[in-house]
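In case you want the letters, here they are:
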Amino acid sequence: RFRLSDLNANSFHRMKLNGKFGLDGFEADFDSIGRVYANHVALEFGSNNTFVKNDHKVDSLLTISMKADTLAAAFDGMNLQCRGLRAGNQSFRHGACIRQAQS
């Protein structure tokens, strides 16, 4: 179930969305703010996932998991370079990330 009206800050969590998709050679330029590049990114959405946090079970939420083999971002005053980055609904895990302040 998906309604365009679900795309707002108060009700996006009501969407029922399950599936996977990948991005290869993703690049985004945010004009004067910065840029992001990823060689390969896999995203997985799930409305039927559950997870446990501090002995409390949470279910029926929209969750997103991400895996990126290479991710580079340059924003005003900061560079970020990662490989093997993984973030998801079960836990936050990462590969190697280097953050550098720009001078």
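Report on the accompanying structure. Everything numeric here is computed off the predicted structure, so don't read it as measured data. (Residues numbered from 1 in each chain as written. Predicted model: local features only at pLDDT ≥ 70, side-chain atom pairs only at ≥ 80, totals over all residues. Heavy atoms only, no water.)

### Notes on the overall build of the protein
- Looking only at helices and strands, the protein has zero helices and eight strands in total.
- Ordering the α and β elements of the protein from the N terminus gives β-β-β-β-β-β-β-β.
- For the protein, the share of sequence-separated contacts (at least 6 apart) that also reach a separation of at least 24 residues comes to 35%.
- Accessible area of the protein: about 7,700 Å², with a carbon and sulfur share of 52%. (Helix = DSSP H or I, 4+ residues; strand = E, 2+ residues; numbered from the N terminus. Contact = heavy atoms within 4.5 Å. Areas by Shrake-Rupley, 256 points an atom, 1.4 Å probe, with all protein chains shown as cover.)

### Notes on the packing of aromatic side chains
- One pass over the full model with this rule turns up two aromatic pairs.
- Taken together, a centroid distance of 5.8 Å and an interplanar angle of 15 degrees make the contact between F21 and F45 stacked. Residue F21 is found in strand β1 (residues 19-29), and its partner F45 is found in strand β2 (residues 34-46); the two are separated by 24 residues along the sequence.
- Judged by centre distance (6.5 Å) and plane angle (25 degrees), the ring pair of F30 and F75 falls under stacked. Here F75 lies in strand β5 (residues 63-75) and F30 lies in the loop between β1 and β2, a separation of 45 residues in the sequence.
- Judged by its relative accessible area of 28%, F75 falls in the partly exposed class. (Phe/Tyr/Trp six-rings, centres within 6.5 Å; stacked < 30°, edge-to-face > 60°. Buried < 20%, exposed > 50% of the residue type's maximum accessible area, 1.4 Å probe, protein only.)

### Focus on unusual backbone geometry
- With phi around 45 degrees, D31 is a residue other than glycine that occupies positive phi space.
- Structurally, D31 is set in the loop between β1 and β2.
- Take D31: its relative accessible area is 73%, and that puts it in the exposed class.
- Although it is not a glycine, D55 adopts a positive phi angle of roughly 65 degrees.
- In this fold, D55 is placed in the loop between β3 (50-53) and β4 (56-59).
- In this structure D55 comes out as exposed when scored by relative accessible area, which is 75%.

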